[in-house]
Amino acid sequence: MKKIFLAAVLFIATSASIQAQLVQFGVKAGVNFANQTGDASLEGVEFDKEGITSYHAGLVAEIKLLDRFAIQPELLYSTQGANYKTAVQDFKNELGYISIPVMAKFYLTDSFSLEVGPQASFLVSEKNDFDVENGETFEFGLNAGLGFKITKNFFVQGRYGLGLTEASKDADVKNSTVQISAGFLF
């Protein structure tokens, strides 16, 4: 009976140790350099677009599948949008999303990774300097970037995200975002 109990304890301890190495959870936050691509005319009025600087923050997991390959799903709050200018007025359109990127991470070295994957985003807030709520409630996009693990737990990432679906009901624009992040895996 003692041998069975000891074997069970060793099995559970080994399984927990292996599991801890395969999946890590963490947090990340960073800065967005966002803009919107496409035609920004509305009712015949042309707009010049300029990017905005905003932020993102949320939860991250890294699931190690092979020695040099992992999947990194994330749950982020991210703000995107653009500044619009005409000859008469300027206004800012800032869209807040709950974003769910799922990145495939290819480790080129033990610390350096190439990352690519899809992202689904759900609009949860819309702040603008005019009285119109015209953001699409769902956006789909693709991300690509690089990651670097400074230590086993601390990492930095840089990524470019391009929206593949329209960000507005009234204009032919798509979100385009460069993200720079720092995070910590537990």
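Anything mentioned here points back to the structure above.
On a predicted model such as this, the values are computed, not experimentally measured, just so you know.

*Asks:* Help me understand the overall build of the chain in this model?
*Replies:* Broken down by element type, the chain carries 1 helix and 9 strands. Listing the helices and strands of the chain from first to last along the sequence gives α-β-β-β-β-β-β-β-β-β. Taken over 186 residues, the chain has a buried fraction of 39%. Pairs at least 24 apart in sequence give 61% of the contacts found in the chain among residues at least 6 apart. Within the structure as shown, the chain displays about 10,300 Å² of accessible surface, and the carbon and sulfur contribution to it stands at 67%.

*Asks:* How should I be thinking about the pairing of strand S8 (residues 154-163) in this particular structure?
*Replies:* Here S8 shows a clear split, with Phe155, Gln157, Arg159, Gly161 and Gly163 buried on one side and none of Phe154, Val156, Gly158, Tyr160 and Leu162 buried on the other. Across 9 bridges, strand S7 (residues 138-149) lies against S8 in antiparallel orientation. Within S8, the position partnered with Leu146 by the bridge is Gly158. Taken together, S7 and the strand that follows it, S8, pair antiparallel across an intervening segment of 4 residues. Sheet topology note: the S8/strand S9 (residues 172-185) ladder contains 9 bridges and is antiparallel. Following the sheet pairing, Phe154 is matched in S9 by Phe184.

*Asks:* It is not clear to me how the side chain of Asn175 should be interpreted in this structure. Could you clarify?
*Replies:* Tracing the chain through its elements places Asn175 in strand S9. Overall, Asn175 belongs to the buried group, its relative accessible area being 1%. At a separation of 3.4 Å, a polar atom in the side chain of Asn175 contacts the side chain of Gln80. Ignoring any residue separated from it by four or fewer positions in sequence, one finds Asn175 in contact with Asn35, Gln36, Gln80, Gly81, Leu95, Tyr97, Glu139, Gly161, Leu162, Gly163 and Ala167.

*Asks:* I keep staring at the pattern of salt bridges and nothing clicks. Help me out?
*Replies:* A side chain with one charge may pair with a side chain of the opposite charge, provided their charged atoms come close. Under the definition given, this model contains 9 salt bridges. Glu50 is the salt-bridge partner of Lys85, the closest N and O atoms lying 3.6 Å from each other. Of this pair, Lys85 sits in strand S4 (residues 69-85) while Glu50 sits in strand S2 (residues 48-50), and the two are 35 residues apart along the sequence. Residue classification places Lys85 among the partly exposed residues on the basis of a relative accessible area of 29%. Judged by relative accessible area, Glu50 falls into the partly exposed class, the value being 39%. With its nearest N and O atoms 3.5 Å apart, the salt bridge here joins Lys92 to Glu94.

*Asks:* Help me out: how do you make sense of the side chain of Ser99 in this one?
*Replies:* Summarising the element assignment, Ser99 is placed in strand S5 (residues 90-107). In terms of polar contacts, Ser99 uses its side chain to reach the side chain of Ser121, at 3.0 Å. In contact with Ser99, other than residues within four places in its own chain, are Glu74, Leu75, Leu76, Ser78, Gln119, Ala120 and Ser121.

*Asks:* So what exactly am I meant to see when it comes to the packing of aromatic side chains here?
*Replies:* Two numbers describe a pair of aromatic rings. These are the distance of the centres and the angle of the planes. Applying the stated rule across the entire model yields 4 aromatic pairs. Arranged with centres 5.3 Å apart and planes meeting at 55 degrees, the rings of Phe122 and Phe138 form a pair that is tilted. Here the residue Phe122 occupies a position in strand S6 (residues 112-128), and Phe138 occupies one in strand S7, the gap between them amounting to 16 residues. The class of Phe122 is partly exposed, set by a relative accessible area of 36%. The lysine or arginine in question, Lys64, covers the ring of Tyr107, its NZ or CZ lying 4.6 Å from the ring centre.

Definitions and cut-offs
- Residues numbered from 1 in each chain as written.
- Predicted model: local features only at pLDDT ≥ 70, side-chain atom pairs only at ≥ 80, totals over all residues.
- Heavy atoms only, no water.
- Helix = DSSP H or I, 4+ residues; strand = E, 2+ residues; numbered from the N terminus.
- Buried < 20%, exposed > 50% of the residue type's maximum accessible area, 1.4 Å probe, protein only.
- Contact = heavy atoms within 4.5 Å.
- Areas by Shrake-Rupley, 256 points an atom, 1.4 Å probe, with all protein chains shown as cover.
- Pairing = 2+ DSSP bridges.
- Polar contact = N/O pair within 3.5 Å; in protein donor to acceptor, adjacent residues only side chain to side chain.
- Salt bridge = Lys/Arg side-chain N within 4 Å of Asp/Glu carboxyl O.
- Phe/Tyr/Trp six-rings, centres within 6.5 Å; stacked < 30°, edge-to-face > 60°.
- Lys NZ or Arg CZ within 6 Å of the ring centre and 35° of its normal.

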